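# Summary of structural features
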Amino acid sequence: MLAVLSPGQGSQKPGFLTPWLDLPGAEARLRWWSALAGVDLVHLGTAADADEIKDTARTQPLLVAAALLAGEHLPMYDVALTAGHSVGELGAAALAGVLPAEAAITLAGVRGREMAAACALEPTGMAAVLGGDPDEVLAAIEAHGLHAANRNGAGQIVAAGAVENLDKFAAEPPARTRVIRLQVAGAFHTPYMAPAESALAAVAAGITPADPSRILLSNLDGTAVNHGRELVQRLVRQVTAPVRWDLCMRTLADLGVTGVIELPPAGTLAGLVKRELKGAGAPEIVTVNTPDDLPAARDLIARHGVAPSHEPTIAFRVVVAPAAGTFAPAQGLAEGASVRAGQPIGQVATRQGPVEVTAHDSGVLTEWLAHHDDPVAPGQPLARIGGQH
């Protein structure tokens, strides 16, 4: 199984889009997206210096545009899964078919502007905490009145909040940790961003999303999201909610992902995956930073993606567990049966009670991937539903 990942803020580098403008139509595409985002993406991606592209209002649409520009040059129909870190989730949502590219770029522009405005309301910031015992780190963050804004796995947690609290935290770091202040405008993914969440929600309410055409992981809890409207709600909520990239990587491992492509500006997420998913089952990774990296990415897709064929193909949609618990298929529903969109196909018994599992598309129940009384994790595949196209 192959996953395509879209990076988040902090991964940008001056001039990183320059080689992409040599591709036919790329500059025109960026100028069109610039009109939607309200910033000059061509200038930002080629001539702007590090300080200019560090501005949240500019960085966010620039990163989404970069991921989509590269994604248009890959055979995405053979990709099984997409995920993105923070604002990168907008790019992942577009690549999964939930949002048109234009909607993703527009939302990134609104998100960046509104988060920058929220940062200006009071002095806040972020700091990466490397190493230490995770429970001790989280307890220390809370004790200093801070928030765990990102949990990136591989021994990295990001603390965020008021600058004075960050200063005190850095002066009294948890045992066996290193605290590195991040060059960001404010405390992203915390309650300090509430005004930005409200503003983004007002714009996002006008979008009509589609359901994802491939597995799409959510930063909120690492689960796969089946419904477009739910994904948009999660994208809005994500502005103040922590980024759980650690849980996204756990889902990659649970699903048995064998190949990973990181879109430009690539390197950060590939590094986290490499440190977290080690050993015999470690995925093969390709980072795409220039058009010269596209052949290697296409080769990885050919070897780890859906096998190409000129015959009529079965388009499988995977139904996944919405929560942790024990799975029970719907009584009397057998492989080979026709199901309709929205039809209950089973339920997951959780500590809070049963959670219904529904088919997100009409088709044939081709295969049960979990059976009666099987323990399941959030995002774990439960059944395949297929139909010819």
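Rules used in this analysis
Residues numbered from 1 in each chain as written. Predicted model: local features only at pLDDT ≥ 70, side-chain atom pairs only at ≥ 80, totals over all residues. Heavy atoms only, no water. Helix = DSSP H or I, 4+ residues; strand = E, 2+ residues; numbered from the N terminus. Rg over C-alpha atoms; globule rule 2.2 N^0.38 Å. Buried < 20%, exposed > 50% of the residue type's maximum accessible area, 1.4 Å probe, protein only. Areas by Shrake-Rupley, 256 points an atom, 1.4 Å probe, with all protein chains shown as cover. Lys, Arg positive; Asp, Glu negative; His and termini not counted. Charge placed at Lys NZ, Arg CZ, Asp CG, Glu CD. Contact = heavy atoms within 4.5 Å. Phe/Tyr/Trp six-rings, centres within 6.5 Å; stacked < 30°, edge-to-face > 60°. Pairing = 2+ DSSP bridges. Axes fitted to C-alpha atoms, helices over the stretch in contact; angles between N-to-C directions. Core = buried A, V, L, I, M, F, W, Y, C linked by side-chain atoms within 4.5 Å. Patch = residues over 30% accessible without salt bridge, like charges linked within 9 Å, V, L, I, M, F, W, Y side chains within 5 Å. Salt bridge = Lys/Arg side-chain N within 4 Å of Asp/Glu carboxyl O. 1 Å grid on protein atoms, 1.4 Å probe; cavity = no way out; pocket = protein on both sides within 12 Å on 5 of 7 lines; lining within 4 Å. Points joined across faces, edges and corners; volume = space filled by probe spheres on them. Nonpolar A, V, L, I, M, F, W, Y, C, P; charged D, E, K, R; others polar.

## Description of the overall build of the chain
Each helix and strand in the chain was counted, giving 13 helices and 17 strands. By the compact-globule yardstick of 21 Å for 389 residues, the chain fits well, its C-alpha radius of gyration being 21 Å. Its C-alpha atoms give the chain principal-axis dimensions of roughly 60 × 50 × 45 Å. Counting only residues that meet the buried cut, the chain has 52% of its 389 residues in that class. Accessible area for the chain stands at about 16,200 Å²; split by element, carbon and sulfur atoms hold 53% of it. Each charge class in the chain was averaged separately, 27 positive and 39 negative side chains, and the resulting centres sit 2 Å apart.

## Section: helix 11 (residues 245-254)
By the criterion of burial, helix 11 is predominantly enclosed, with seven of the 10 residues buried. Every buried residue of helix 11 is accounted for by W245, D246, L247, C248, M249, T251 and L252. Of the surrounding elements, those touching the buried residues of helix 11 are strand 1 (2-6), strand 2 (81-84), strand 4 (147-153) and helix 12 (268-276). Taken from the residues just after helix 11, G256 is the one with a positive phi, measuring 75°.

## Observations regarding the packing of aromatic side chains
What characterises a pair of aromatic rings is the spacing of the ring centres plus the angle enclosed by the ring planes. Applying the stated rule across the entire model yields one aromatic pair. Ring geometry for F327 versus W368: centroids 5.9 Å apart, planes at 55°, classification tilted. Of this pair, F327 sits in strand 11 (residues 325-329) while W368 sits in strand 15 (residues 363-368); the two residues are 41 residues apart in sequence, bridging distant segments of the chain. According to the relative accessible area criterion, W368 is buried, its value standing at 10%.

## Topic: the sheet that holds strand 5 (residues 156-162)
Strand order in the open sheet formed by four strands is 4-5-3-6, with antiparallel pairing between adjacent strands. Each edge of the open sheet is held by one strand with a lone partner, namely strand 4 and strand 6 (177-181). The average angle at which neighbouring strand axes cross in this sheet is 25°, direction not considered. Where strand 3 (residues 124-131) and strand 6 come together, five bridges link them in antiparallel fashion. Bridge assignment links G131 to a residue of strand 6, and that residue is T177. The sheet contacts of helix 8 (residues 163-171) involve strand 3, strand 5 and strand 6, and relative to strand 5 the element is tilted by about 135°.

## Side note on the nonpolar core
Core analysis: the largest hydrophobic core is formed by 74 residues, its most contacted members being W33, L68, L99 and I261. Those residues in contact with W33 that lie beyond four places of it in its chain are L41, A65, L68, L69, E72, A101, E102 and I105.

## Some thoughts on a nonpolar patch on the surface
Taken together, the side chains of I180, L182 and V184 present a nonpolar region at the surface, about 180 Å² in accessible area. Mapped onto the elements of the fold, I180 is located in strand 6. Judged by relative accessible area, which is 32%, I180 ranks as partly exposed.

## Overview of the pairing of strand 4
A regular strand places its side chains on the two faces of the sheet in alternate fashion. Burial runs high along strand 4: five of the seven residues are buried. Bridge analysis of strand 4 against strand 5 gives five bridges, and the strand direction is antiparallel. When the bridges of strand 5 are listed, N150 appears paired with V158.

## Focus on the layout of surface pockets
In this model, the second largest pocket occupies a volume close to 580 Å³. Lining the second largest pocket are 27 residues; nearest its centre among them are Q9, G10, S11, L182 and V184. Going through the elements one at a time, helix 6 (101-119), strand 3, strand 4, strand 5 and helix 12 are the ones with two or more residues in the lining of the second largest pocket. Looking at the lining of the second largest pocket, its residues break down into 10 nonpolar, 14 polar and three charged.

## A few points about the pattern of salt bridges
If charged atoms from side chains of opposite charge come close, those side chains can pair. A complete count under the given rule lists 12 salt bridges for this structure. The salt bridge involving D51 is made with K54; its shortest N-O contact spans 3.7 Å. Note that D51 and K54 are positioned in helix 3 (residues 50-54) at a spacing of three residues, about one turn of the helix. Under the relative-accessibility criterion, D51 is labelled exposed at 56%. Overlapping salt bridges bring together R29, E72 and E102 as one network.

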